[in-house]
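# Fold and geometry: a report
Now for the letters of each chain:
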Protein chains: 2
Amino acid sequence: MLCFDVYSLNLAFGRAYKPLLEPLGLTYPQYLVLLTLWAEDRQSVGRIGAALGLDSSTLTPLLKRLEAAGVLRRHRDDQDERRVLVSLTEAGRVLQQRAEAVPATMAEATGMTLAEMRQMHQALTRLRQALRDGGMGGAGGGDPCA
Amino acid sequence: MLCFDVYSLNLAFGRAYKPLLEPLGLTYPQYLVLLTLWAEDRQSVGRIGAALGLDSSTLTPLLKRLEAAGVLRRHRDDQDERRVLVSLTEAGRVLQQRAEAVPATMAEATGMTLAEMRQMHQALTRLRQALRDGGMGGAGGGDPCA
DNA sequence: CCAAGATAGATCGCGCGCGATGCAATCGCA
DNA sequence: TGCGATTGCATCGCGCGCGATCTATCTTGG
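Per an unreviewed UniProt entry, chain A goes by the name MarR family transcriptional regulator and belongs to Paracoccus spongiarum.

Another aspect to go through is the overall build of chain A. Helices and strands together make up the secondary structure of chain A, namely 7 helices and 3 strands. Helices (α) and strands (β) of chain A occur, in sequence order from the N terminus, as α-α-β-α-α-β-β-α-α-α. Along the longest, intermediate and shortest principal axes, the C-alpha atoms of chain A span 50 × 35 × 25 Å. Looking at the 146 residues of chain A, the share that counts as buried comes to 47%. Sequence-distant contacts in chain A: of pairs separated by 6 or more residues, those separated by 24 or more amount to 52%. Chain A carries 17 positive and 16 negative side-chain charges, and their two centres are separated by 3 Å.

On to unusual backbone geometry. Residues and elements named next belong to chain A. Notably, Arg42 is not glycine yet its phi reads approximately 65°, a positive angle. Along the chain, Arg42 turns up in the loop between α2 (28–39) and β1 (43–44). For Arg42, a relative accessible area of 51% translates into the label exposed.

As for its placement among the helices and strands, A:Asp5 is situated in helix α1 (residues 2–21). Take A:Asp5: its relative accessible area is 2%, and that puts it in the buried class. A polar atom in the side chain of A:Asp5 sits 2.5 Å from the side chain of B:His121.

All names here are of chain A. Taken in spatial order, the 3 strands line up as β1-β3-β2 in an open sheet, and their pairing is antiparallel. Strands with a single pairing partner mark the edges of an open sheet, and in this sheet they are β1 and β2 (72–76). Summarising the sheet, β1 and strand β3 (residues 84–88) pair through 2 bridges and their orientation is antiparallel. Looking at β3, one finds that Ser44 is bridged to Leu85.

In this section: the packing of helix α1 (residues 2–21) of chain B against helix α6 (residues 102–110) of chain B. Residue and element names in this part refer to chain B. Packing of α1 against α6 brings their axes to within 11 Å, and their N-to-C directions diverge by 140°. Taken together, the axes of α1 and α6 are oblique relative to one another. For the pair α1 and α6, the crossing hand works out as right-handed. In this structure, α1 contributes Phe13, Ala16, Tyr17, Leu20 and Leu21 to the contact, and α6 contributes Val102, Thr105 and Met106. Split into classes, the residues belonging to the contact of α1 with α6 amount to 7 nonpolar, 1 polar and no charged.

The subject of this paragraph is the UniProt feature "domain: HTH marR-type" (unreviewed entry) in chain A. Residues annotated in UniProt with the feature "domain: HTH marR-type" (unreviewed entry) correspond here to residues 1–129 of chain A. Structurally, residues 1–129 of chain A comprises 67% helix and 9% strand, and the distance from its first C-alpha atom to its last is 18 Å.

Next up on the list: the interface of chain A and chain B. Counting residues at the interface gives 60 residues for chain A and 60 residues for chain B. Carbon and sulfur atoms make up 70% of the area that chain A and chain B hide from each other, which totals about 5,500 Å². At the junction of chain A with chain B, the criterion picks out 2 salt bridges. At the boundary of chain A with chain B, the tally comes to 8 residue pairs in polar contact (both at pLDDT 80 or more). Tallying contributions element by element places α1(A) first for the side of chain A that touches chain B, with 15 residues. Here the side of chain A that touches chain B is composed, by residue class, of 39 nonpolar, 15 polar and 6 charged.

Moving on, we come to the protein's contact with DNA strand D. In the vicinity of DNA strand D there are 27 residues, among which B:Tyr7, B:Gly46, B:Thr60, B:Lys64 and B:Arg74 approach most closely. A distance of 3.3 Å separates a phosphate oxygen of DNA strand D from a polar atom in the backbone of B:Val45. B:Arg74 is positioned with one of its side-chain polar atoms (N or O) 2.6 Å from a phosphate oxygen of DNA strand D. Looking at the surface near DNA strand D, the elements that each hand over two or more residues are α2 and α4 (56–68) of chain A together with α1, α3 (45–52) and α4 (56–68) of chain B. The residue makeup of the surface near DNA strand D, split by class, is 7 nonpolar, 10 polar and 10 charged.

Turning our attention to the confidence of the model for chain A. Taken residue by residue, chain A gives an average pLDDT of 91. The fraction at 70 or more is 91%. With pLDDT under 50 throughout, residues 135–146 of chain A is counted as low confidence; its partners more than four residues away or in other chains account for 41 contacts.

The rules we used
- Residues numbered from 1 in each chain as written.
- Chains lettered and ligands numbered in written order.
- Predicted model: local features only at pLDDT ≥ 70, side-chain atom pairs only at ≥ 80, totals over all residues.
- Heavy atoms only, no water.
- Helix = DSSP H or I, 4+ residues; strand = E, 2+ residues; numbered from the N terminus.
- Buried < 20%, exposed > 50% of the residue type's maximum accessible area, 1.4 Å probe, protein only.
- Contact = heavy atoms within 4.5 Å.
- Lys, Arg positive; Asp, Glu negative; His and termini not counted.
- Charge placed at Lys NZ, Arg CZ, Asp CG, Glu CD.
- Polar contact = N/O pair within 3.5 Å; in protein donor to acceptor, adjacent residues only side chain to side chain.
- Pairing = 2+ DSSP bridges.
- Axes fitted to C-alpha atoms, helices over the stretch in contact; angles between N-to-C directions.
- Parallel < 35°, antiparallel > 145°, perpendicular 65-115°, else oblique.
- Left-handed = near helix turned anticlockwise from the far one by under 90°.
- Nonpolar A, V, L, I, M, F, W, Y, C, P; charged D, E, K, R; others polar.
- UniProt positions renumbered as here; feature names shortened; annotations may be inferred.
- Buried area = accessible area lost by both parts, 1.4 Å probe.
- Salt bridge = Lys/Arg side-chain N within 4 Å of Asp/Glu carboxyl O.
- Near = heavy atom within 4 Å.
- pLDDT = per-residue confidence, 0-100.

Structure (C-alpha cells):
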C-alpha cells in the first residue's frame, strides 16, 4: 500500500501547509516554486520545471498568477528569445522573510528527529529514482500496493 | 525537504501507474476508489471518503464518471435517504480481474524488498498521523522541509 | 544562406482536491 | 409532536498536473 501511503501523506502535507501559507497568499506548489527561486534567482521556466518535475503547461499559469500577485517578474531572455526568465521582485524577497518560520514549524509538526528525517529523505529519494528509472530495479518483493 | 520528497514521489507514483491504468480506462484516484470497493462492496460515499481521506465534493464527480463508465452504480439508501450507496456492477468486478497484476507490477517497479516496504509503510503512516494530529508530536529536529 | 528539425513556452481540455455553500433527510430535545 | 441542529451529499469556483497541440526561436545540414 506504499502508493496509497504516499498519496495520502501528500494530501496530509498539503493540509498541514495550508494554515501556514494561506496568510502569505501562497498555495503549496507556489511555495515550492518560490523556494527554488529563493535558492537561485533568475531561472528559466524549464529549469524550475526540471527542479520540481513539472511541465511548462503547469508552470506557466502558476507563474502568471505569481506575477499578477507581484512577487516575481517574467521576461524573455535576451540571449535566447525562446526562454522566459523568472526573477523575484522586492515583494518576493520580502515574502521570503515572512516565510522564514515555515520550515521549522513543519519540522516540528512531523514529530521526527533530524536523523529520522534524513533517513526517510534517503529512502524516499531512492524510491523516486527507482520509479523514474522505469521500474525493475532491485530485489522486488511481493505485493506492496494493494 | 521531506515535504518535497513526498510531493515529488506522489507525482512519480502517478506517472508509474498511468501506463498500467490507462488500458483499463482508470485514473489513479479512480483506481483507489475501486480498491476500496473491491475490498468491500456497497459502501456509502462518506465511508469511501473516510477511507481515502477525500470529501464528497471530490468523490461525487469521480463516482459519477465511474458510473457513466458502467463500473459501478449509485443509489439512495432505503434506511437513510441522505446516504448514497455505491455498488460494483458486473463490469466493475471484471475490471478487478483485469487489474489483478497491477499491484505486483508496481511492487517490482519500486525495487524494494518486502521488509523495506513494510518498514516504509510504518514510517509513512506514523508521519501521516503526526501531521493529522495537528503537529507537535515528538522530538522535532531542525529544518527538514526547505 | 536557407530549409528541416529541434527546443522553449504557451494554450487547451480534462480530472482531481478542496473550501464554501446549498439542500434534503434525520436526529434530538423540550 | 414540532422545530432547530446535525448529517450526507451535491454544486460551484479555483488551482494544480498533464497529455496534446501550437507558435516562435534557435540550430544544423546541404
